[in-house]
Amino acid sequence: MSNDSSHFDLLIRGGTVIDGTKAPRFEADVGITDGRIAAIGDLSGSTAGQTLDAAGRIVAPGFIDSHTHDDQAVLSQSQMPFKISQGVTTVVAGNCGISAAPLRPGMDLPMPLSLLESPAEGRFTTFAAYLDALRATPSSVNVAAMVGHSTLRAVTMSDLDRPASEAEIAAMQSLVEEAMQAGAIGLSTGTFYPPAVKATTEEIIEVARPLTARKALYVTHMRDEGDRVMEALEETFHIGRALDVPVVVSHHKVQNAQNHGRTRVTLPFIKESMQHQCISLDCYPYTAGSTMIRTDRGMIDGRVLIASSVPHPECAGRDLQDIAAEWGVSREEAAIRLQPGSAIYFMMDEDDVQRVLAFDETMIGSDGIPVGDKPHPRLWGTFPRVLGHYARDIGLFPLETAVWKMTGLTARNFGLHERGTLKPGHHADVVIFDAATVRDAANYETPTRPAEGIDAVIVNGAITWQHGRHSGAGNGQVILRKDKEVA
Ligand code: ZN
């Protein structure tokens, strides 16, 4: 807070700072040097190599996407336009039990693991090799990565349709240990998905043992987000207590019509459980989900949009109902013929979505799947949709709260060191946006339209997005678990 004549690499002048702590906004300049925030305050006497005029604009910490499937995209689409254009500067990868490592070269990948793997890409046999590749060819965003339990099962077990044996559990546990030593921030599971449906609670606890010594995260796409959502929450919290580690409930929702309204029960249960153990949760701001093409009744009862299909790429963007009618078959038969691929399922209620979003401790995570031309619009629209539609237009919470849910809260919960809040000494991940016009432009018809109202995005001090264009900068870093970063 000085008015001396410092010199900065980059000076953001005249903006309104929302610092990511939920504190009220204030007018200030922000000076950046050597990739770090050097000063915040009245810096009018200072000079800089580069200056950005932020008059009338919000200056906030770069957004952290708490829930992504960007494991391969940060290498194969390393400019990450679908995230950078929203103001996202950090992605948490390795969610829902799926990670890019460890895998064996040439091994067959079951759905949904195959969704993220493009065959042309190299395979990483160790977690350390994956992180090394990211360091060697940096993405435009920072990456914090988790190891996925379904991936461990696929690489370890000959048959996924049963619980793991003691020997397989021991093998998976040593792979988790390797990932922990490399700097993974946690382990994710996806017991909702076929490769892990048969995993028992005990299997997960034993595989995850190496988390305990590091207080690394247990993150889960739970076994059930429908009729048995309460049992799934109980299992999740039980695993967290057995391991004595923080847990993250991924993309919290209650799906299928008969469960609409049940967030009135799940959220108080989560809140009460938070009194006794470390729990956090995230969600995306849409009533439709997206995942692999499934054929079970609960999933295909409502409207289903095909996002991608390997055997029928021409069906991307079309309704399952229309495809089934055209082929003269049932919806289930059409879904089988379209596999493997991904689809968008309209299965939530808007009141539940708003209740979860507004819940004090809920972080924002896109769960975007960076594959194909017709992805769920959350891939390009999640963060501006929360800022524009939910915070500004319908007033679900103040802008300061919206920013906190995508920055400071997320950095705290995931242990992302010196990120998520604007503070001298922190990494200079910054987004400059117009609070009056910021909005998501991606929708189900045109899902890859960049957000509006995002003026500039800075990653570790480098201007990476400005005036609606990518600068080409690839300044993202690999974020290690906190004890590895400070060691
Ligand atoms: Zn998931």
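Computed from a predicted model, the values in this text were never measured in an experiment.

Visitor: What exactly am I supposed to notice about the coordination of the zinc ion here?
Guide: Geometry reference: four tetrahedral donors at a metal, ideal angle 109.5 degrees. Six octahedral donors, ideal angles 90 or 180 degrees. Bound to the zinc ion on the protein side are Cys96 (SG), His221 (ND1) and His251 (NE2), at distances that span 2.0 to 2.3 Å. For the zinc ion, the donor residues sit on a single chain with the sequence spacing C-x124-H-x29-H. Of this pair, histidine 221 sits in strand E11 (residues 217-221) while histidine 251 sits in the loop between strand E12 (247-249) and helix H9 (263-274), and the two are 30 residues apart along the sequence. Histidine 251 sits in the buried class, given a relative accessible area of 1%.

Visitor: What exactly am I supposed to notice about the sheet that holds strand E7 (residues 88-93) here?
Guide: Strand pairing in a sheet takes place through backbone hydrogen bonds and is either antiparallel or parallel in direction. Sheet architecture is open: four strands sit in the order E6-E7-E8-E22, paired in parallel fashion. The strands lining the two open edges of the sheet, one partner per strand, are strand E6 (63-65) and strand E22 (478-479). Pairing of strand E8 (residues 142-145) with E22 involves two bridges; the strand directions are parallel. Residue pairing across strands places alanine 144 opposite isoleucine 479, the latter belonging to E22. Sheet strands touched by helix H3 (residues 127-136): E8 and E22. Its angle to E8, the strand with the most contacts, is close to 175°.

Visitor: Help me out: how do you make sense of the sheet that holds strand E13 (residues 279-283) in this one?
Guide: Judged by pairing direction, the sheet is parallel, and its six strands sit side by side in the order E9-E10-E11-E12-E13-E17 without closing on themselves. Edge positions in the sheet fall to strand E9 (147-148) and strand E17 (362-364), since each of these pairs with one other strand and no more. Inspection of the sheet shows E12 paired to E13 by three bridges, in the parallel sense. Across the sheet, residue valine 249 finds its bridge partner in E13, namely leucine 281. Of the strands in this sheet, E11, E12 and E13 are in contact with helix H8 (residues 229-243), which crosses E12 at around 160°.

Visitor: How should I be thinking about helix H5 (residues 166-182) in this particular structure?
Guide: Since the α-helix turns once every 3.6 residues, residues separated by three or four places project in the same direction. Compared with an ideal rise of 1.5 Å per residue, which puts 17 residues at 24 Å, H5 spans 24 Å between its outermost C-alpha atoms and is within 8% of the ideal. By the burial criterion, the buried members of H5 are Glu168, Ile169, Met172, Val176, Ala179, Met180 and Ala182. End-on, the buried residues of H5 take up no more than an arc of 160°, which puts them together on one face. Turned more than 90 degrees off the buried face of H5, the exposed positions are Glu166 and Ala167. Positive phi shows up at glycine 183, right after H5, with a value of about 115°.

Visitor: Would you explain the environment of serine 150 in this entry?
Guide: By secondary structure assignment, the location of serine 150 is in helix H4 (residues 149-156). Each C-alpha atom of the pair serine 150 and arginine 439 lies 35 Å from the other, and the pair is 289 residues apart in sequence. Contacts of serine 150, omitting those with residues within four sequence positions, involve Gly97, Leu113, Gly190, Pro195 and Ala196.

Visitor: Looking at this model, I keep getting lost on the packing of H8 against H9. Mind explaining?
Guide: In a packed pair of helices, the relevant descriptors are the angle between the two axes and the axis-to-axis distance. For the pair H8 and H9, interaxial distance at closest approach is 11 Å and the crossing angle is 15°. Considering the angle they form, H8 stands roughly parallel to H9. By crossing handedness, the relation of H8 to H9 is classed as right-handed. Where H8 abuts H9, its residues Val229, Met230, Leu233, Glu234 and Phe237 lie against Val265, Thr266, Phe269, Ile270 and Ser273. In terms of residue class, the contact of H8 with H9 is made up of seven nonpolar, two polar and one charged.

Visitor: Would you explain the packing of aromatic side chains in this entry?
Guide: To describe a pair of aromatic rings, one takes the distance between the centres and the angle between the planes. Following the criterion strictly, the structure yields eight aromatic pairs and no others. Look at phenylalanine 63 and phenylalanine 383: their rings are 5.9 Å apart centre to centre, the planes differ by 10°, and that puts the pair in the stacked class. A residue pair is termed long-range when its members are at least 10 positions apart, and phenylalanine 63 in strand E6 and phenylalanine 383 in helix H14 (residues 378-393) qualify at 320 residues. By relative accessible area, phenylalanine 383 is classed as buried at 0%. Look at phenylalanine 192 and tyrosine 193: their rings are 5.1 Å apart centre to centre, the planes differ by 75°, and that puts the pair in the edge-to-face class.

Conventions adopted
- Residues numbered from 1 in each chain as written.
- Predicted model: local features only at pLDDT ≥ 70, side-chain atom pairs only at ≥ 80, totals over all residues.
- Heavy atoms only, no water.
- Donors = N, O, S within 2.8 Å, 3.2 Å for Na, K, Ca; no water.
- Helix = DSSP H or I, 4+ residues; strand = E, 2+ residues; numbered from the N terminus.
- Buried < 20%, exposed > 50% of the residue type's maximum accessible area, 1.4 Å probe, protein only.
- Pairing = 2+ DSSP bridges.
- Contact = heavy atoms within 4.5 Å.
- Axes fitted to C-alpha atoms, helices over the stretch in contact; angles between N-to-C directions.
- Expected span 1.5 Å × (residues − 1).
- Arc of directions from axis to C-beta.
- Parallel < 35°, antiparallel > 145°, perpendicular 65-115°, else oblique.
- Left-handed = near helix turned anticlockwise from the far one by under 90°.
- Nonpolar A, V, L, I, M, F, W, Y, C, P; charged D, E, K, R; others polar.
- Phe/Tyr/Trp six-rings, centres within 6.5 Å; stacked < 30°, edge-to-face > 60°.

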